[in-house]
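Residue-level listing of the chains:
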2 protein chains.
Amino acid sequence: MTENTPRASGTHPVPAEASTRLDSYVDRYAARTQGMTASEIRALFSVASRPEVVSLAGGMPNITGLPLDVVGSAISDLIAHDGATALQYGSGQGMPALREQICGVMRLEGIDAHPDDVVVTVGSQQAVDLVTRIFCDPGDVVICEAPSYVGALGVFKAYECDVVHAAMDADGLVPEALEQAIVATKASGRTIKFLYTIPNFHNPAGVTLSAERRPQILDICRRHDILVLEDNPYGLLGFDAEPVRALRADEAEGVIYLGSFSKTFAPGFRVGWALAPHAVREKLVLAQESATLCPPQFSQMAISAYLSRHDWQGQVKQFQEMYRARRDAMVQALDDLMPAACQWNVPSGGFYVWLTLPPGIDAKAMLPRAVTARVAYVPGTAFFADGFGSSSMRLSFCYPTPERIREGVRRLAGVLEQEMELRETFGALPGSLEAPRSGYDAPSSDLT
Amino acid sequence: MTENTPRASGTHPVPAEASTRLDSYVDRYAARTQGMTASEIRALFSVASRPEVVSLAGGMPNITGLPLDVVGSAISDLIAHDGATALQYGSGQGMPALREQICGVMRLEGIDAHPDDVVVTVGSQQAVDLVTRIFCDPGDVVICEAPSYVGALGVFKAYECDVVHAAMDADGLVPEALEQAIVATKASGRTIKFLYTIPNFHNPAGVTLSAERRPQILDICRRHDILVLEDNPYGLLGFDAEPVRALRADEAEGVIYLGSFSKTFAPGFRVGWALAPHAVREKLVLAQESATLCPPQFSQMAISAYLSRHDWQGQVKQFQEMYRARRDAMVQALDDLMPAACQWNVPSGGFYVWLTLPPGIDAKAMLPRAVTARVAYVPGTAFFADGFGSSSMRLSFCYPTPERIREGVRRLAGVLEQEMELRETFGALPGSLEAPRSGYDAPSSDLT
C-alpha cells in the first residue's frame, strides 16, 4: 500500500497493533475499557520520532537549558541529609513544605491559597483523572473548549463522560458559546459536572482568554452553578508581560485549579497539583490514596530543593525567551512559506500554533504523506471528542531549534502544495470523506 | 469524653474532619465517591505517630540500612550523564531497560517473562487501581482472601465492586473455600472479574500459600475461568529459604502478577509493576497514559541505576535478616507477655503478625485505650469488606527496633488484660456490639 493509492476506508498505513492480536479477555473488560484503543496516529509517531523527521507534533518541553549541576547537587544533598525521608512513603496529600512553595508559585497569578487546600498529583494529568473520578458518573457531561487538550478528553472518555464542546475565538472561550452549550445540555436533561478550560496559551489552540471575558465566564458558571476546572500548565510561559491573573484568583469556591512543574521545571518527576475547595480537596486526597497511596516523596523533595536553592523564576524567564524565539521562527516561516489559503494564530505564550488548512484538505489523511516528507504534526481531530477538526492541525514550536522549525514548515508547505494540486486535479482525496472517528485516543507524551 | 465512658454509638474520640465541615459539593459527586470517607481510625493514627507511641500499626519498610552513599552517587551520575532524559517525559509503559531488569527480578521466583509484557506503575497500588479500572464495572465481584490488603479493598470499593471473601488458614487461601465462593457467587448471578491474592507473607495475615495448594488454586481458577491477580510485594522477604515460586511461574495466560520495589529497595520512588498477558498489557498502558501520561522517568532511572550498580540482592538479604530479628522479637514477646487466650501465627517472611483476641474483646473498640497506653495497631475490621475481623488485629514488626517491639507488646498485653478484667466484671464493653461499619476506608501509607 502506498500513500497515493485511494482507499475507501481511509489512509492508515500501519495497522494498530491491538487489532492484529487475539485478545482472550475481550469479553471481560469493564464498559469503560471497550473504547480504549491505541490512537490510529500512534504508529505514525513512532516513525516521526526518527531523527530525520522534524517533529512539530510533540509537546515535550525543551529542558536542555536546565542547570543540571544545580539539580544534581540539590539532589545529592537531599540524599545525604534527608535520604531516609526522601526514600520513604509520604503523605497522600503531598509534602507540606512543597505545598507551601506551590502556594508561592500560584501567588504569581494572583491566587491567595492555603497549603492545606493543595493536593500534589503525579503530573497534572493525574489531577484531571482524580477530579473526574470524584465527580463524574457515566453519561455526565463535561464542557470543553473546541478544540481541547487530548489528554483531558482521554480521561473524560475513560470515565464514560460525554464531552460537549464550546467554541473559542482569538480571545479564547466565547461566553455566548459557553452559555449556549450549558443551556442546551441542561435542556436535554443531562447533568453537567464541570467546565474544563485552559485559559492561558491554550493546548492546542494557542489562544488566551482575554481579561474582559474572564469575569464573564466566571459569572456564567456561577449563575448556572457549574464548577470550573482551570488547567494552567503554561501560565508562567507567556512571552510578553506579567503572568495573567488566574480565574481561581477571583473565585475560590467555584474553581478547581490545576498546576504543574512539567513545563516550568521538568516533567521527569511527574509532579503537578490541584487546588480545590476544602471539601473537594478531602475527596481528592482519598482518591489519591486509593490510586497511588501517595505521590513520589523523592520527586517532591527534589522539586522543593530546586525551588528553594535556585533562581527558578530566572530559569522560567530563560524558558520564556527560548520559546519566544521558537514561536517567532515558526510564525515567520509560516508567513514566508505557507500557501495563502492557510490560517494560523500568533500565540503569546506556551507551545502551540493552531493552523487551519484550505477547504477540502484533510489533515489526518495528509499525515502519512507529511511523515514521508519528514515532518510531523498532530491532526486537529485528536482535540475534538466528536470527530471535528479534520481541516486543522496543531504545530508545536517547543522542542526543535528555530532552524529545524523553519525546515519543518518548509517541508509541510511542500506537502500541502502537492495536496492542493492533487485536489485541484482529482477532486476530494481519500480520507477527506471519512466518517468522524469514534473510540478513545489515549493521550501519550507525544501529544502532551 | 474519656475513653472509659460507655457510649452507645461506639468509641471514636476524635470526630472525622470531614463530618465537621459543610460540603457544598455533596450532591455533585460521582456515585463512587459517596462511600469515600476518611477511615475512623485515621485520626487515631495521627496521635499514634507521636514518638512516645510504639506503632505496631504502620507497614513502612525500615530503610535505614540502605547504602545512601551508593544511591546518592548513582543519582548524581544519572543527572550528570543522562539528566536530559531523566528529567523528561518517558514512555507510558515504562523504561525498556528497567522492564528488562524487572524480568530479572521476577526470574528469582521462577517467572519467565518478556519485558514487553511489563507495565511500570506508580507503586503496585497503582497497578491494583489500573487492573480494576480496565476489568471492573460497578457490581462486579472480586474474590479476596479473608482478611485482605486494606489498600486493595479500598480500590475495589472505589470502583464500586463487591468483594467476596474466601477463608485462609495457616497454609494460606483454602482451596475449598475459594471454590465455594466462586460457585456461590456465580449461582447468585453475579460476575466474578478476578481473584485478588497475596500468596506470600500475606498482608495482614502473615501466612504463605503452601506449595501443595498452589496448583490447586490455579486449577480451580482455570476450571472456572477466573483471572488471578497475584500481588507479591513481599515475595523476596522470606526468612528461611529461597524465594517461593510464583503462581505466575506456572500459569502465564491466567495470571496478572504485581511487583514492587517499595519493600526490596525504597517506597519513595513509587515504582511498582504489572506483568500481564499481552492483550491486557496493552489496555493497562492505555489506562496508565490516561491516569498519568507516564510513570516518573527519574524514579525509574534511579532504580535502574541502583539495580545495576549495587549488590541489591545482598541488600535484600540484609533486609531479610533485620526483619527476621524483628519477627523473632515480636513472637518472643507475644509468647512471654500476652494472655493465654490470644492466638497468633509465626510468619516466615514479610512484615505482619495476625493476632486474634479472646472472645468478646473488640480490637477497634480497644484501640483508643491502647493509644492512650502508647501502643498502636490496626484493628482487623480494616481488612474485611464486610465488617468482620473485630476480634483480630494486625501487628507490624517491620519498623520499630526489637526493644521497642517488646515494649509495644508489653503495653498491648497490659491494655488487653485490663480489658479482659473489665469484661469479666461488667460484661460486653462499648463498641463490641457495634454494627459492622459501612463505607470505604481509603488506604494510606499508615496502613500499607
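The rules behind each value
Residues numbered from 1 in each chain as written. Chains lettered and ligands numbered in written order. Predicted model: local features only at pLDDT ≥ 70, side-chain atom pairs only at ≥ 80, totals over all residues. Heavy atoms only, no water. Core = buried A, V, L, I, M, F, W, Y, C linked by side-chain atoms within 4.5 Å. Buried < 20%, exposed > 50% of the residue type's maximum accessible area, 1.4 Å probe, protein only. Contact = heavy atoms within 4.5 Å. Axes fitted to C-alpha atoms, helices over the stretch in contact; angles between N-to-C directions. Helix = DSSP H or I, 4+ residues; strand = E, 2+ residues; numbered from the N terminus. Parallel < 35°, antiparallel > 145°, perpendicular 65-115°, else oblique. Left-handed = near helix turned anticlockwise from the far one by under 90°. Nonpolar A, V, L, I, M, F, W, Y, C, P; charged D, E, K, R; others polar. Salt bridge = Lys/Arg side-chain N within 4 Å of Asp/Glu carboxyl O. Pairing = 2+ DSSP bridges. Phe/Tyr/Trp six-rings, centres within 6.5 Å; stacked < 30°, edge-to-face > 60°. Lys NZ or Arg CZ within 6 Å of the ring centre and 35° of its normal. Lys, Arg positive; Asp, Glu negative; His and termini not counted. Least-squares fit on C-alpha atoms with pLDDT ≥ 70 in both. pLDDT = per-residue confidence, 0-100.

Caption draft 1: Representation of the nonpolar core in the model. Ranked by size, the top nonpolar core spans 254 residues in total, and within it A:Phe135, A:Phe156, A:Tyr196, B:Phe135, B:Phe156 and B:Tyr196 carry the most contacts. Non-local contacts of A:Phe135, meaning those with residues more than four positions away in its chain, are made with A:Asp140, A:Lys193, A:Phe194, A:Leu227, A:Ile256, A:Val280, B:Tyr25, B:Arg28, B:Tyr29 and B:Ala30.

Caption draft 2: Representation of the packing of helix α12 (residues 363-372) of chain B against helix α13 (residues 402-426) of chain B in the model. Residue and element names in this part refer to chain B. Contact geometry for α12 and α13: axes closest at 10 Å, N-to-C directions at 125 degrees. With respect to their mutual orientation, α12 and α13 come out oblique. In terms of crossing hand, the pair formed by α12 and α13 is right-handed. Of α13, the residues touching α12 (which contributes Met366, Arg369 and Ala370) are Leu412, Val415, Leu416 and Glu419. Each residue belonging to the contact of α12 with α13 can be placed in one class, and the counts come to five nonpolar, no polar and two charged.

Caption draft 3: Structural context of the pattern of salt bridges. For the coordinates displayed, the defined rule picks out 34 salt bridges over all chains. Of the charged contacts, one joins A:Arg281 and A:Asp116 as a salt bridge, the two residues approaching to 3.3 Å between their closest N and O atoms. Here the residue A:Arg281 occupies a position in helix α9 (residues 278-292), and A:Asp116 occupies one in the loop between α4 (96-107) and β3 (118-121), the gap between them amounting to 165 residues. Across the pair B:Arg411 and B:Glu407 runs a salt bridge, and its minimum N-O distance is 2.8 Å. Here B:Glu407 and B:Arg411 lie together in helix α13, a separation of four residues that amounts to about one turn. Connected through shared salt-bridge partners, A:Asp129, A:Arg133, B:Asp129 and B:Arg133 make up one network.

Caption draft 4: Inspection of the sheet that holds strand β7 (residues 192-197) of chain A at higher detail. All names here are of chain A. Here we have eight strands laid out as an open sheet, ordered β3-β10-β9-β8-β7-β4-β5-β6, and mixed in their pairing. The sheet terminates laterally at β3 and β6 (172-173), the two strands that pair on one side only. One ladder, built from four bridges, connects β3 with strand β10 (residues 272-275); its direction is antiparallel. Bridge assignment links Val119 to a residue of β10, and that residue is Ala274.

Caption draft 5: View of the packing of aromatic side chains. Following the criterion strictly, the structure yields 33 aromatic pairs over all chains and no others. Here the aromatic residues A:Phe265, A:Phe269, A:Phe298, A:Tyr306, B:Phe265, B:Phe269, B:Phe298 and B:Tyr306 are joined through ring pairs into a cluster of three or more. In this structure, A:Lys283 packs its charged tip against the face of B:Tyr29, placed 5.6 Å from the ring centre.

Caption draft 6: Fine view of the side chain of A:Arg326. Residues and elements named next belong to chain A. Take Arg326: it is sitting in helix α11 (residues 312-337). Despite its burial, Arg326 pairs with no opposite charge; the closest candidate is Glu403, at 7.1 Å N-O. Arg326 has contacts with Asn62, Phe397, Cys398, Tyr399, Pro400, Thr401, Pro402 and Ile405, leaving out every residue within four places of it along the chain.

Caption draft 7: Layout of the relation of the copies chain A and chain B. When chain A is brought onto chain B, the operation consists of a screw motion whose angular component is 180 degrees and whose axial shift is 0.0 Å, with 0.0 Å RMSD remaining. With respect to symmetry, the two chain copies, as superposed, fit the operation of a two-fold axis. Residue A:Ser76, judged by its C-alpha, is the member of chain A lying nearest the rotation axis, at 3.2 Å. Interface residue correspondence from chain A to chain B reaches 100%, placing this contact among same-surface, isologous pairings.

Caption draft 8: How the structure looks around the confidence of the model for chain A. Residues and elements named next belong to chain A. Taken over all residues, the pLDDT of chain A has a mean of 90, while the share at 70 or more is 90%. Counting interchain partners and residues more than four positions distant, the pLDDT-below-50 stretch residues 1-21 has 25 contacts. If you check the scores for this complex, the pTM reads 0.91 and the ipTM reads 0.90.

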